[in-house]
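Summary of structural features
Listed below are the residues making up each chain.
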Amino acid sequence: MSSFSVKFLPPNSLFLTPKPTTTATSTRLYANPSPTAVPAPPQSPEDIAADRLEPRVEQKSGFFVLKEKFRQGINPQEKVKIAAEPMKLFMENGIEDLAKIPIEELDKSKDTKDDVDVRLKWLGLFHRRKHQYGRFMMRLKLPNGVTTSAQTRYLASVIREYGEHGCADVTTRQNWQIRGVTLPDVPAILKGLDAVGLTSLQSGMDNVRNPVGNPLAGIDPHEIVDTRSYTNLLSQFITANSRGNPAFTNLPRKWNVCVIGSHDLYEHPHINDLAYMPATKDGRFGFNLLVGGFFSPKRCEEAIPLDAWVPAEDVVQVCGAILEAYRDLGTRGNRQKTRMMWLIDELGVEGFRSEVVKRMPEQVLERSSSEDLVDQKWERRDYFGVNPQKQEGLSFIGLHIPVGRVQADDMDELARIADEYGSGELRLTVEQNIIIPNIDNSKVKALLDEPLLKDRFLPEPPILMKGLVACTGNQFCGQAIIETKARALKVTEEVGRLVSVTHPVRMHWTGCPNTCGQVQVADIGFMGCMTRDENGKVVEGADVFLGGRIGSDSHLGELYKKGVPCKDLVPVVVDILVDKFGAVPREREDGEE
């Protein structure tokens, strides 16, 4: 039942120095450029100027750095990377010395202040300067969202030391983030993570984020493929088995990847820079590729077909080739125009594809397959409550974690329950919930009687709570405009008292336009803003989005109402649920106000 693990191959053994090649052209697919997009792409790869295809980075002393000739007009973050290589804080133990210096002293020098606020993100450490000066959020790598009771207990022990400042969140990338960390403790925490098989390396800034997979991998009676082996391989490759892989630590921006394993598309492929879609070709199993999906304050795009199929054994190789093309050719000016889709727009899908082909080991990339294995008409399943596994006599249970927030005692209890009733394993989901697999059916009744499942983490939550997601909000995040987690729960509870719905409605909250809460894929999304109330007073508010869909008919939501004061959101949501989702007003009891 444990997740798959393999020995890592050194990055240079997988990629050969490319030779010049001519790639045949075919019908191209282009992204739909937003009003701020780059000019229309060239008609064919041959139309792209040769100097535009010169790699903008070069390898020096084991690290990739931006060439001198391409340093004009670069953004401030690129200048920080040039001034000092972030990965040296880990790979050359720079964190040991940094952790010994009081943060007030570090702030006196631009170089060390940049270490604190920027470079430490390569180690998964995010300084909460605005709201928790001197404390950090630490983001882990947890491929496929699979974790163990021992890992969960260790993380609980870390946050418990920080008292009221310590807590943990389940993220929208099947991941753990822990809060309250102080810099002097970081070297010991990194060693502790390594001892339980975890890492926080390369989880922030211009790196590859946590590889997402099917949360029911290996236990789902209806799964297409067990994604755990692929997400583990990808994570091991990208981080060089948690030792640090500088081949992929100087990307133009962050980069997301997922592997699809079920018809339910729990992994949300259309919002990833690279999504592996299971498909067969000539009797071989493999994946069609989608590329370029992303969210940003200025532009949001769904992933588009690369017109490429890879056999299962080439999953890592094509990931590396795509990352190399993006690393080498991506622009590094305006940070709002440096995600991979902007490069695809500029080169055209076929031009970008040809650059990927050049970086494949054999310089070959097959065209996409028509034998898609995902059932386009599949109705997405609910994973809450007790559900049968493919293994006879075993079940899994889906638990609702309200907006993903957990405390140290919660984590210890979850670990105990996973050990006592299951196999000591927990699965995190992109909706910020937790699944406990491998429960013997004879233990299900006792499990359901556990106080934690009756009081905190319900197997069958209220229907409007099932699809509730919220980012960190301004309680901790300096970029968030509004508080999200407590407000999301309060608004949803109040709405639930006013109307009744017959099916879940996915409501996502994000504190700012960076949209970590992914409001564009929600049925109803709330993006934090400042607005004015009826008296003209500036107050916290939200832009309301409608119409996001997930699954095979995915569609990004659109702005429905701008600048609604937070105090006025409940009646707005009630009206939306009645008008758009068939909700029925609840009858009030006598005497109820």
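Residue indices begin from 1 for each chain and proceed along its sequence in written order. Since the coordinates come from a predicted model, pLDDT governs what is reported: local features require at least 70, and pairs of side-chain atoms require 80 or more to be given and counted, while whole-chain, interface and lining totals use all residues. Working from all heavy atoms in the structure, the side-chain values ignore hydrogens and water.

In the nomenclature of an unreviewed UniProt entry, the protein chain corresponds to Ferredoxin--nitrite reductase, chloroplastic from the organism Centaurea solstitialis. UniProt positions are given in the numbering used here, feature names are shortened, and annotations may be inferred rather than shown by experiment. As its UniProt record puts it under Sequence similarities (unreviewed entry), the protein chain is described as follows: "Belongs to the nitrite and sulfite reductase 4Fe-4S domain family."

Each helix corresponds to a stretch of at least 4 residues labelled H or I by DSSP, and each strand to a stretch of at least 2 residues labelled E; elements are numbered beginning at the N terminus. Regarding its fold elements, the protein chain presents 16 helices and 26 strands. Values of the radius of gyration come from C-alpha atoms, whereas the globule rule sets the reference at 2.2 Å times the count of residues to the power 0.38. Taking 593 residues into account, the globule formula puts the C-alpha radius of gyration at 25 Å, and the protein chain, at 24 Å, falls close to it. Principal-axis analysis of the C-alpha atoms places the extent of the protein chain at approximately 80 × 60 × 55 Å. We call a residue buried when its accessible area falls under 20% of the maximum for its residue type, exposed when it is over 50%, and partly exposed in between, using a 1.4 Å probe and counting protein chains only. Relative to its 593 residues, the protein chain shows a buried fraction of 61%. Contacts were defined at the residue level, with two residues in contact if any of their heavy atoms lie within 4.5 Å. For the protein chain, contacts bridging at least 24 residues in sequence account for 69% of all contacts bridging at least 6.

Its location among the elements puts Asn210 in the loop between helix H8 (186–195) and helix H9 (228–239). Note on Asn210: relative accessible area 3%, which makes it buried. Those residues in contact with Asn210 that sit more than four places away from it in its chain are Lys141, Leu142, Pro143, Arg173, Gln174, Asn175 and Val257.

Once that is clear, we can look at the packing of helix H7 (residues 149–160) against H8. Axis definition: a line fitted to C-alpha atoms, limited for helices to the stretch in contact. Angles are taken between N-to-C directions and run from 0 to 180 degrees. Two elements in contact, H7 and H8, have axes separated by 10 Å at closest approach and are oriented at 165 degrees. By the angle between their directions, the pair H7 and H8 is classed as roughly antiparallel. As H7 packs across H8, the resulting crossing turns out to be right-handed. In contact with Tyr154, Leu155 and Val158 of H7, H8 contributes Ala188, Ile189, Gly192 and Leu193. Put simply, angles under 35 degrees are roughly parallel, angles over 145 are roughly antiparallel, angles from 65 to 115 are roughly perpendicular, and the rest are oblique. Crossing handedness follows the turn of the near helix against the far one: under a right angle anticlockwise gives a left-handed crossing, and clockwise gives a right-handed one.

One bridge is not enough; two strands pair if DSSP finds at least two bridges between them. The strand order S3-S4-S7-S6-S17 describes an open sheet built from five strands, whose pairing is antiparallel. Two strands close off the open sheet at either side, each with one partner strand: strand S3 (125–127) and strand S17 (405–406). Relative to strand S4 (residues 135–139), S3 is paired through three bridges, and the arrangement is antiparallel. Residue pairing across strands places Phe126 opposite Met137, the latter belonging to S4. Seen against the sheet, H7 touches strand S6 (167–170) and strand S7 (176–182) and runs at an angle of roughly 30 degrees to S7.

Strand order in the open sheet formed by five strands is S5-S18-S19-S16-S15, with antiparallel pairing between adjacent strands. In this open sheet, the two edge strands, each paired with only one partner strand, are strand S5 (146–148) and strand S15 (385–388). Strand-to-strand twist of the sheet, defined as the mean angle between neighbouring strand axes without regard to direction, takes the value 30 degrees. Note: S5 against strand S18 (residues 425–428), three bridges, orientation antiparallel. If you follow Thr148 over to S18, its bridge partner there is Glu425. Along the sheet face, helix H12 (residues 408–421) touches strand S16 (394–399), S18 and strand S19 (434–440) and points at about 25 degrees away from the line of S19.

The buried fraction of S7 is high, at seven of seven residues. Relative to S7, S4 runs antiparallel, the two sharing five bridges. Opposite Arg135, over in S7, you have Thr182 as the bridge partner. Both S6 and S7 contribute to a ladder of four bridges, which runs antiparallel. Looking at S7, one finds that Ala168 is bridged to Ile178.

Below, the discussion takes up the environment of Arg487. Relative to the elements of secondary structure, Arg487 occurs in helix H15 (residues 485–498). Given a relative accessible area of 22%, Arg487 falls into the partly exposed group. Beyond its immediate chain neighbours, meaning those up to four positions away, Arg487 contacts Ile482, Trp509, Glu540 and Cys566.

Turning next to the UniProt feature "domain: Nitrite/sulphite reductase 4Fe-4S" (unreviewed entry) in the protein chain. Under the feature "domain: Nitrite/sulphite reductase 4Fe-4S" (unreviewed entry), the UniProt entry names residues 205–363 and 468–577. End-to-end, the C-alpha atoms of residues 205–363 are 30 Å apart, and along that stretch the chain is 29% helix and 19% strand. As annotated, residues 468–577 comprises 21% helix and 32% strand, and the C-alpha atoms at either end are separated by 14 Å.

Next up on the list: the packing of aromatic side chains. The pairing test for Phe, Tyr and Trp rings, Trp by its six-membered ring, is centres within 6.5 Å, and the orientation test on the planes gives stacked under 30 degrees, edge-to-face over 60, and tilted for anything in between. According to the stated counting rule, one finds seven aromatic pairs in the structure shown. A centroid spacing of 5.7 Å and a plane angle of 80 degrees characterise the contact between Tyr276 and Phe287, whose relative ring orientation is edge-to-face. With Tyr276 in strand S9 (residues 274–281) and Phe287 in strand S10 (residues 284–291), this pair connects stretches of sequence that are eleven residues apart. No difference in accessibility class separates Tyr276 from Phe287, as the two residues are buried. Here Tyr383 and Phe384 contribute two aromatic rings whose centre-to-centre distance is 5.1 Å and whose plane-to-plane angle is 45 degrees, an arrangement assigned as tilted. Each member of the aromatic cluster is reached from another via a ring pair, and the members are Tyr230, Tyr276, Phe285 and Phe287. Two thresholds decide whether a charge sits over a ring: the Lys NZ or Arg CZ must be within 6 Å of the ring centre and within 35 degrees of the ring normal. Looking at Arg327, its charged tip hangs above the ring of Phe64, at a distance of 3.8 Å from the centre.

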